[in-house]
Amino acid sequence: MELKFHTLDVFTERRFGGNPLGVVLGADALSTEEMQTVAREFNLAETIFVRKPKDPAHTASVRIFFPTDEIPFAGHPTVGCAILLAEMMHGQGRPFETEILLEEVAGLVRVTVRNTGGATWAQFTAPVVPYSVPAELPTVQDVARALGLSPSDICPGGVPLGLHEGGPRFFYVPIASPEALARARPQEPHWTNILNAFGTVGGYLYAKGGLDPATDYRTRMFNPSGEGTEDPATGSAAALFASQLFRTLGLKEGTHAFRLEQGHEMGRPSDIDMEADVRDGELVAVRVAGCAVRVLEGKLSL
């Protein structure tokens, strides 16, 4: 059996930035075990497998895998896959606007995809509105020790740590400055012990500001040990970040837009746009957007 595949760099407008993604087309005949084997072979942060939709009104059914496990939803596979499928339908480098409907394990995900002559851009609405998870979180001192930082680098101005869920679950750590953020290094086993205690995918560190004056927050996402350590762009964590900001900033009625940058410390700069809708005092919708560019294509032999 031979299947076509592509790789894309996601949340960037240039190759060799952003977060690499594997996309395997025509994967209907693959078993779960075969998909996991292929994802392990690609050894990228995620690989997404495209199949025929269950509902013909939708674009595709997809499944997403880490090298080690399947996940019900992830941001950069959603953006990258939607951009690839839209370009295959409308032409690469040609202006278009369309909607891609992806049947993911977490639910149906609507993605608006647009090209105006440059890199193709996509925006998805998170399938689950993120929410805060009540928990007795670690102390600032414990988090500082786990990240190789001083306690004064953590929770500036009393901004609290956060635990938020929306499909996956992430641990959120406010950092005093981009300089302190750049110094952070997970210290084991302390970091992984914190993440595993709360069943999280990873820990999302953030500080105000960035290289671009338009950037609101510089971010980093550290996984538990043995899972790639750091992620250059994390769309799902950006979506759940809306819940942390809703809680800590007291976001008022309306739509709030944030520009995030990630991956600079890894040499893979990424740009992520996030929007949060607040209505009647509640967070009711979150959207995440970014660009992607194709890098490789070929045939996978099974």
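Residues numbered from 1 in each chain as written. Predicted model: local features only at pLDDT ≥ 70, side-chain atom pairs only at ≥ 80, totals over all residues. Heavy atoms only, no water.

Peer 1: Looking at this structure, how should I read the nonpolar core?
Peer 2: Generally speaking, nonpolar side chains in soluble globular proteins are found buried as a group. In terms of nonpolar packing, the biggest core is built from 56 residues, with Val111, Val113, Phe241, Leu260 and Met274 touching the most fellow members. Discounting residues that sit within four places of it in the chain, Phe241 has contacts with Tyr172, Tyr204, Tyr206, Tyr217, Leu260 and Met274. (Core = buried A, V, L, I, M, F, W, Y, C linked by side-chain atoms within 4.5 Å. Buried < 20%, exposed > 50% of the residue type's maximum accessible area, 1.4 Å probe, protein only. Contact = heavy atoms within 4.5 Å.)

Peer 1: Where do I start with helix H5 (residues 190–197) in this structure?
Peer 2: Because each turn of an α-helix spans 3.6 residues, side chains separated by three or four positions in sequence point in the same direction. Turning to H5, its buried residues number three or more, namely Trp191, Thr192, Ile194 and Leu195. Summarising the axial view, the buried residues of H5 lie within an arc of 155°, below the 170-degree limit, and thus occupy one face. Opposite the buried face of H5, at more than 90 degrees from it, the exposed residues are Asn196 and Ala197. Where H5 ends, the next residue or the one after it, Gly199, has phi of about 65°, a positive value. (Helix = DSSP H or I, 4+ residues; strand = E, 2+ residues; numbered from the N terminus. Arc of directions from axis to C-beta.)

Peer 1: Looking at this model, I keep getting lost on the layout of surface pockets. Mind explaining?
Peer 2: In this approach the atoms are scanned with a rolling probe the size of a water molecule, which exposes any empty space left behind. Considered as a void within the structure, the second largest pocket measures approximately 180 Å³ in volume. Mapped onto the lining of the second largest pocket, the elements with two or more residues apiece are strand S12 (202–208) and helix H6 (235–249). (1 Å grid on protein atoms, 1.4 Å probe; cavity = no way out; pocket = protein on both sides within 12 Å on 5 of 7 lines; lining within 4 Å. Points joined across faces, edges and corners; volume = space filled by probe spheres on them.)

Peer 1: Help me understand the packing of aromatic side chains in this model?
Peer 2: Ring pairs (aromatic) are described by centroid distance and by the angle formed between their planes. Counting across every chain of the model gives 14 aromatic pairs. An angle of 80° between the planes, with centres 5.7 Å apart, marks the rings of Tyr206 and Tyr217 as edge-to-face. Taken as a pair, Tyr206 in strand S12 and Tyr217 in strand S13 (residues 217–222) lie far apart in primary sequence, eleven residues in all. For the pair Tyr206 and Tyr217, one class covers both residues: buried. An aromatic cluster of three or more residues is present, and its members are Phe170, Tyr172, Tyr204, Tyr206, Tyr217, Phe241 and Phe258. (Phe/Tyr/Trp six-rings, centres within 6.5 Å; stacked < 30°, edge-to-face > 60°.)

Peer 1: What am I meant to see in the environment of Asp212 here?
Peer 2: Within the fold, Asp212 resides in the loop between S12 and S13. Note on Asp212: relative accessible area 34%, which makes it partly exposed. Spatially, the C-alpha atom of Asp212 lies 29 Å from that of Glu165, the residues being 47 residues apart in sequence. With sequence-adjacent residues up to four places away left out, Asp212 is seen in contact with Arg259 and Glu261. In terms of polar contacts, Asp212 uses its side chain to reach the backbone amide nitrogen of Ala214, at 2.8 Å. (Polar contact = N/O pair within 3.5 Å; in protein donor to acceptor, adjacent residues only side chain to side chain.)

Peer 1: Sorry if this is basic, but what is going on with the packing of helix H3 (residues 140–147) against H5 here?
Peer 2: If you want to describe how two helices pack, look at the angle between their axes and the distance between the axes. The contact between H3 and H5 brings their axes to 7 Å, and the two run at 125°. Here H3 is positioned oblique relative to H5, judged by the angle of their axes. Where H3 abuts H5, its residues Asp142, Val143, Arg145, Ala146 and Leu147 lie against His190, Trp191 and Ile194. By residue class, the composition of the contact of H3 with H5 is five nonpolar, one polar and two charged. (Axes fitted to C-alpha atoms, helices over the stretch in contact; angles between N-to-C directions. Parallel < 35°, antiparallel > 145°, perpendicular 65-115°, else oblique. Nonpolar A, V, L, I, M, F, W, Y, C, P; charged D, E, K, R; others polar.)

Peer 1: Explain helix H1 (residues 32–42) here, please?
Peer 2: Listed in full, the buried residues belonging to H1 are Met35, Gln36, Val38 and Ala39. Viewed along the axis of H1, the buried residues span an arc of 160°, placing them on a single side of the element. Across from the buried face of H1, at angles greater than 90 degrees, the exposed residues are Glu33 and Glu41. Each element contacted by the buried residues of H1 is listed here: strand S2 (19–24), strand S3 (46–51), strand S4 (60–65), strand S5 (70–71) and strand S17 (282–301). Where H1 ends, the next residue or the one after it, Asn43, has phi of about 60°, a positive value.

Peer 1: Just to check I follow, could you spell out the side chain of Arg63 for this structure?
Peer 2: Following the sequence through the fold, Arg63 ends up in strand S4. There is a polar contact of 2.8 Å between the side chain of Arg63 and the side chain of Thr32. When neighbours within four sequence positions are excluded, Arg63 is seen to be in contact with Thr32, Met35, Thr47, Ile48, Phe49, Arg51 and Glu70.

Peer 1: When you look at the environment of Gly202 in this model, what are you seeing that I'm missing?
Peer 2: Structurally, the position occupied by Gly202 is in strand S12. The spacing of Gly202 and Val159 is 43 residues in sequence and 19 Å in space, taken between C-alpha atoms. In contact with Gly202, not counting residues within four places along its chain, are Arg169, Phe170, Phe171, Leu195, Met221, Phe222, Asn223 and Pro224.

Peer 1: Help me understand the pairing of S13, please; the structure alone is not making it clear to me.
Peer 2: Every regular strand shows the same layout, with side chains that alternate between the two sheet faces. In terms of burial, S13 is largely enclosed, as six of its six residues are buried. With burial as the criterion, each face of S13 is covered, one bearing Tyr217, Thr219 and Met221 and the other bearing Arg218, Arg220 and Phe222. Strand direction decides the pairing type here: S12 and S13, joined by six bridges, are antiparallel. In the sheet register, Gly203 faces S13, and the bridge partner there is Phe222. Summarising the sheet, S13 and strand S14 (residues 230–231) pair through two bridges and their orientation is antiparallel. The residue of S14 that forms the bridge with Met221 is Asp231. (Pairing = 2+ DSSP bridges.)

Peer 1: What's the story with the pairing of strand S7 (residues 107–115) in this structure? I'm lost.
Peer 2: Examined bridge by bridge, strand S6 (residues 96–104) and S7 share nine bridges and lie antiparallel to one another. Looking across to S7, one finds that Glu104 is bridged to Gly107. Where S7 lies against strand S8 (residues 120–125), four bridges are found, and the strand directions are antiparallel. Bridge assignment links Val113 to a residue of S8, and that residue is Ala122. The turn joining S7 and S8, which pair antiparallel and follow one another in sequence, is formed by four residues; a positive phi near 115° is taken by Gly117.

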